[in-house]
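Residue-level structural notes
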Number of protein chains: 2
Amino acid sequence: MDIIYMDNNATTKVAPEVLESMLPYLREWYGNASSMHSFGGSVGREIAAAREKVATLINADPGEIIFTSCGTESDSTAINAAIRSNPGKKHIITTRVEHPAIKNLYEYLAKNGYRVTWVPVDKEGVLDLDYLKGNISEDTAIVSVMWANNESGVVFPIDEIARTLRDQGIVFHSDAVQAVGKIPVDVKKTGLDMMSISGHKIHAPKGIGVLYVKKGTKFSPFMIGGHQERNRRGGTENVASIIGLGRASELAISHLEEIDTRVRALRDRLETGLLQKIPNALLNGKKDSRLPNTTNISFEYVEGEAILLMMDQLGICASSGSACTSGSLEPSHVLRAMGVPFTAAHGSIRFSLSTYNTVKEVDFVIENLPPIIERLRKMSPFWKEGACRLQ
Amino acid sequence: MDIIYMDNNATTKVAPEVLESMLPYLREWYGNASSMHSFGGSVGREIAAAREKVATLINADPGEIIFTSCGTESDSTAINAAIRSNPGKKHIITTRVEHPAIKNLYEYLAKNGYRVTWVPVDKEGVLDLDYLKGNISEDTAIVSVMWANNESGVVFPIDEIARTLRDQGIVFHSDAVQAVGKIPVDVKKTGLDMMSISGHKIHAPKGIGVLYVKKGTKFSPFMIGGHQERNRRGGTENVASIIGLGRASELAISHLEEIDTRVRALRDRLETGLLQKIPNALLNGKKDSRLPNTTNISFEYVEGEAILLMMDQLGICASSGSACTSGSLEPSHVLRAMGVPFTAAHGSIRFSLSTYNTVKEVDFVIENLPPIIERLRKMSPFWKEGACRLQ
């Protein structure tokens, strides 16, 4: 059975061009970049070339790019660096809708001597910027705000937050894992201090990430060890995956326009089609300020898990809540923060597209999802009750 | 030019069988193991199978295996867990010859409220076990001792240390990055609490590691984030590399005997040949308690870097000091801890073999290294002076 993969915010297909670029480093060029012999050392030059490509994607200098093992490590590294560099400050700010890599780390810090401000979002998932501004203090060590939300796709006002924080001595970090490769991200223009990227969200393999650290930002390593990454991240360089991420960065640049046009049109077609054909379907997330590839729709009075399972039988891959939390049955913390009612949050499905998706795939979903929802609602005690109440 | 790769303690060739096992997960099976759909979920079963294979290699239970991104992360995770689980204890023990992943972390902790005992080694690189035992106290949170040294190859008495520490409420961790796959390692028999493994030292790719955590050991995650690895290590699973490490673990089990016999014989042939043909060449490390693949020889009055460069022109890859520190020109801290004189430590070369090496390669080195040393010594002012002094 062919797979219709619409779960690209969870992970993406490794682009064939990316795998092609990696294979020599998984076969003959297996040397350690730190070695004195040319067999290993030559690999170091390829890492430098990949670093330039990643830097170009976000308009950074190559020296501002630190390779990590994943977005989570990048996030931990950023928060850790900010805290260690400002040992006197005990207040940290983030949002209520962050990825678990930030959310759970902040919760850990909250139990260990830090005061946390959790900035809320409104029912459309839009950040309460005034709340953020009103909570900045001299004791604030770091503000971490994701560039775009993984579940709703809502894009946050990173430029404005950066302007607000400028010259206040507060580190500004953004988890841009969902934004990079989908919308233009320019670190120089925005002027933030640190930013996280994950390779496997942009068609590189799993197990490689990046932390951008603006030149001059006080830094302290999280992964303490060897001299790699100019003493900023110990551990033998993941050569093949770094090379792959370089190639993926080139592809991401070249695909940005297609994502903004063709993929956006696909997403809109999917969204409009489903909302028109399925009653009691609600869009989650502010329509005009979202990632172009993401739509999150609540189908009231049904279970997201049940929808996923029935779509799965047709080869359709999507998500309910973020993939990272879907191991649990709790409603997504993002949708709860948006105030989506319980009966709707449970039935929310996120479709996240990529350049690999087609009109034919979208139309297949538009045709096949409505009967699934109808069948599930017929089995749901809440649906009858709800339908009565709604009419 | 064919490469003669004798730098396997720095990194190893990815075994073709390992790459083969990974490719499906870099091509068609790119799903996120945490996803609800079967496309992603099926990958989770493959991860479970790989976990069993890794567990078998060290005689652990699969639930005791945590996948990380590298040996350095495993080490950081272990030390971090021990410290967070024992917040009242402020004394930590390690050796003077650890890999930078432990050494630099302990140095960081020494500056941040911890008292460190650095256990010395003798001139053969043998650990001073009495010193270790004599420094254990009620305040000791963790003892971390590498299983085998990366530079000298000397194997440490991990079993005896484990016996000593048993039931004392002290966490015992070993960085077994250099031991696993080269000599038998049985965590149940030894009875230690935590142990680090690195994939790229056993013919898996770079960017994957393991932390063994004995069931019942108090644990606190280092990489805080999603629910992966049963809440013990956040971050999307590096599926392909985990699968590859599983395959590499199977190969490692099947190669243990060959390493103990054929590879050991190759190493002995190389060592004996070089020591016989080159004057003023000194073996570093206790001859009868080393890894079977490693030999470290000091060629007095020449620079290791110069030797490496001239060997490099013949395609011979080896190391001076560990690859992780070779970016600097300082003499290796391991050889300094062993009291190797400055003029000898600078001229030390480590050859580390694998099952891919052949007699022909060994004989090529035995034939070609002596004239290199001779030529370099003719250019060295220290050599004439030293030769006079020695006679």
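Above this note sits the structure.
Here is a short report on the structure shown in this document. From a predicted model like this one, the values you see are computed outputs, not experimental measurements.

1. Looking at the layout of surface pockets
In this model, the largest pocket occupies a volume close to 1,000 Å³. Forming the walls of the largest pocket are 30 residues, and the residues nearest its centre are Asn80(A), Arg84(A), Tyr108(A), Asn80(B) and Arg84(B). When residues of the lining of the largest pocket are traced back to their parent elements, those giving at least two are helix 3 (71-85) and helix 4 (100-110) of chain A together with helix 3 (71-85) and helix 4 (100-110) of chain B. Broken down by class, the residue content of the lining of the largest pocket amounts to 18 nonpolar, 8 polar and 4 charged.

2. Things to note about the interface of chain A and chain B
How large an interface is tends to be reported as the accessible area lost when its parts come together. Taken together, the contact between chain A and chain B spans 60 residues of the former and 60 residues of the latter. Taken together, the two surfaces of chain A and chain B that pack against each other cover about 5,200 Å², and 64% of this comes from carbon and sulfur. Counting across the chain A and chain B interface gives 0 salt bridges. Counting every contact that joins chain A to chain B gives 18 residue pairs in polar contact (both at pLDDT 80 or more). When contributions to the side of chain A that touches chain B are tallied by element, the ones reaching two or more residues are helix 1 (16-26), helix 2 (38-58), helix 3, helix 4 and helix 10 (304-312) of chain A. Taken together, the residues of the side of chain A that touches chain B break down into 25 nonpolar, 25 polar and 10 charged.

3. Focus: the relation of the copies chain A and chain B
Superposition record for chain A on chain B: RMSD 0.0 Å, screw rotation 180°, translation along axis 0.0 Å. These values place the two chain copies in the arrangement generated by a two-fold rotation axis. Of the C-alpha atoms belonging to chain A, the one lying closest to the rotation axis is found on Ser69(A), 3.0 Å away. When you check the interface residues of chain A against chain B, 100% turn up at the interface there too, and the contact is symmetric in its surfaces.

4. Focus: the sheet that holds strand 12 (residues 348-352) of chain B
In any sheet, the strands associate via hydrogen bonds between backbone groups, in a parallel or an antiparallel arrangement. Residue and element names in this part refer to chain B. Judged by pairing direction, the sheet is antiparallel, and its 3 strands sit side by side in the order 9-10-12 without closing on themselves. Because the sheet does not close on itself, it has two edges, and the strands there are strand 9 (281-284) and strand 12. Direction aside, neighbouring strands of the sheet carry axes that sit 30° apart on average. Of the pairings in the sheet, the one linking strand 10 (residues 294-299) to strand 12 comprises 5 bridges and is antiparallel in character. Among the inter-strand pairings, Thr 294 is bridged to a residue of strand 12, identified as Ser 352. Docked against the sheet, helix 10 (residues 304-312) engages strand 10 and strand 12, running at close to 45° with respect to strand 12.

5. Some details on the pairing of strand 8 (residues 209-213) of chain A
All names here are of chain A. Summarising burial for strand 8: 5 of the 5 residues are buried, a large majority. Across the two faces of strand 8 the burial is the same, with Gly 209, Leu 211 and Val 213 and Val 210 and Tyr 212 all buried. Sheet topology places strand 2 (residues 65-68) next to strand 8; 4 bridges connect them, and they run antiparallel. Bridging from a neighbouring strand, Ile 66 pairs with Leu 211 of strand 8. Sheet topology note: the strand 7 (residues 194-198)/strand 8 ladder contains 5 bridges and is antiparallel. From the neighbouring strand, Ile 197 faces strand 8, where its bridge partner is Val 210.

6. Looking at the side chain of Ser69(B)
Relative to the assigned elements, Ser69(B) resides in the loop between strand 2 (65-68) and helix 3. At 2.6 Å, the side chain of Ser69(B) forms a polar contact with the side chain of Glu73(B). Leave out the neighbours within four places in its chain, and Ser69(B) touches Ser69(A), Glu73(A), Met223(A), Arg233(A), Gly207(B), Ile208(B), Gly209(B) and Arg233(B).

7. Overview of the environment of Lys103(B)
Residues and elements named next belong to chain B. Among the structural elements, Lys 103 can be located in helix 4. Measuring from C-alpha to C-alpha, the distance between Lys 103 and Ala 179 comes to 18 Å, with 76 residues separating the pair along the chain. Each residue touching Lys 103, except ones within four places of it in the same chain, is listed here: Glu 98, Trp 118 and His 333.

Procedures and definitions
- Residues numbered from 1 in each chain as written.
- Chains lettered and ligands numbered in written order.
- Predicted model: local features only at pLDDT ≥ 70, side-chain atom pairs only at ≥ 80, totals over all residues.
- Heavy atoms only, no water.
- 1 Å grid on protein atoms, 1.4 Å probe; cavity = no way out; pocket = protein on both sides within 12 Å on 5 of 7 lines; lining within 4 Å.
- Points joined across faces, edges and corners; volume = space filled by probe spheres on them.
- Helix = DSSP H or I, 4+ residues; strand = E, 2+ residues; numbered from the N terminus.
- Nonpolar A, V, L, I, M, F, W, Y, C, P; charged D, E, K, R; others polar.
- Contact = heavy atoms within 4.5 Å.
- Buried area = accessible area lost by both parts, 1.4 Å probe.
- Salt bridge = Lys/Arg side-chain N within 4 Å of Asp/Glu carboxyl O.
- Polar contact = N/O pair within 3.5 Å; in protein donor to acceptor, adjacent residues only side chain to side chain.
- Least-squares fit on C-alpha atoms with pLDDT ≥ 70 in both.
- Pairing = 2+ DSSP bridges.
- Axes fitted to C-alpha atoms, helices over the stretch in contact; angles between N-to-C directions.
- Buried < 20%, exposed > 50% of the residue type's maximum accessible area, 1.4 Å probe, protein only.

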